[in-house]
Amino acid sequence: PYGQHALSSCEIYAIDPWGKRINLLKIPFWDAHWKQKYYLKNPVYLPAGSKIMGTNYYNNGDDNPSLIILPPKKIHYGEGQRDELAMIIYDYMDQ
């Protein structure tokens, strides 16, 4: 996952073709300075037709030490340093 300074936590999961949720990664405390990849301990098999999803939680309050916009104000999507975004970037292997 990738996010900026207002991101506070995130989780990544898959939904298989039968609707079952498969948890892949949970980051309860996002570090805005972490720019490395996260690797799963063990590969996860996802059947054809599965969807990879993510849920992101943002904290735009005074209690967020990573926030660079002070005082906090409305944040918009964008790729600039004072914008906010979130992406899921992943590698996969064919079986």
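Up top is the structure these notes are about.
Residues numbered from 1 in each chain as written. Predicted model: local features only at pLDDT ≥ 70, side-chain atom pairs only at ≥ 80, totals over all residues. Heavy atoms only, no water.

### Thoughts on the pairing of strand 3 (residues 21-27)
Here's step 1: Relative to strand 3, strand 2 (residues 7-15) is paired through six bridges, and the arrangement is antiparallel. The partner of I12 across the bridge, within strand 3, is L25. (Pairing = 2+ DSSP bridges. Helix = DSSP H or I, 4+ residues; strand = E, 2+ residues; numbered from the N terminus.)

### What about the nonpolar core?
Here's step 1: In this structure, L7, C10, I27, W30 and A32 together form the largest nonpolar core, which totals five residues.
Here's step 2: Residues within four places of L7 in sequence aside, it is in contact with W30, N56, Y57, Y58 and E84. (Core = buried A, V, L, I, M, F, W, Y, C linked by side-chain atoms within 4.5 Å. Buried < 20%, exposed > 50% of the residue type's maximum accessible area, 1.4 Å probe, protein only. Contact = heavy atoms within 4.5 Å.)

### Describing the sheet that holds strand 3
Here's step 1: Strands sit in the order 3-2-4 across an open sheet of three strands; the sheet is antiparallel. Two strands lie at the open edges of the sheet, namely strand 3 and strand 4 (51-58), each paired on one side alone. Strand-to-strand twist in this sheet, taken as the mean axis angle between neighbours without regard to direction, amounts to 20°.
Here's step 2: Alignment of strand 2 against strand 4, held across eight bridges, turns out to be antiparallel. Opposite I15, over in strand 4, you have K51 as the bridge partner. (Axes fitted to C-alpha atoms, helices over the stretch in contact; angles between N-to-C directions.)

### Examining the packing of aromatic side chains
Here's step 1: In the structure shown here, the tally under the stated rule is zero aromatic pairs.
Here's step 2: We note R21 situated over the ring of Y13; from NZ or CZ to the ring centre the distance is 3.8 Å. (Phe/Tyr/Trp six-rings, centres within 6.5 Å; stacked < 30°, edge-to-face > 60°. Lys NZ or Arg CZ within 6 Å of the ring centre and 35° of its normal.)

### Examining the pattern of salt bridges
Here's step 1: Evaluated as defined, the whole model comprises two salt bridges.
Here's step 2: Linking E11 and R21 is a salt bridge whose minimum nitrogen-to-oxygen distance equals 2.4 Å. Of this pair, E11 sits in strand 2 while R21 sits in strand 3; the two residues are ten residues apart in sequence, bridging distant segments of the chain.
Here's step 3: Accessibility expressed as a relative area gives 16% for E11, which makes it buried. (Salt bridge = Lys/Arg side-chain N within 4 Å of Asp/Glu carboxyl O.)

### Description of the environment of A48
Here's step 1: By the secondary structure assignment, A48 is in the loop between strand 3 and strand 4.
Here's step 2: Look at A48 and you get exposed, because its relative accessible area is 72%.
Here's step 3: Along the chain, A48 and P17 lie 31 residues apart, while their C-alpha atoms are 7.6 Å from each other.

### Some words on the side chain of E11
Here's step 1: At a separation of 2.4 Å, a polar atom in the side chain of E11 contacts the side chain of R21.
Here's step 2: Look past the residues within four positions of E11 in its chain and what remains in contact with it is R21, L25, K26, M53, G54, T55 and Y57. (Polar contact = N/O pair within 3.5 Å; in protein donor to acceptor, adjacent residues only side chain to side chain.)

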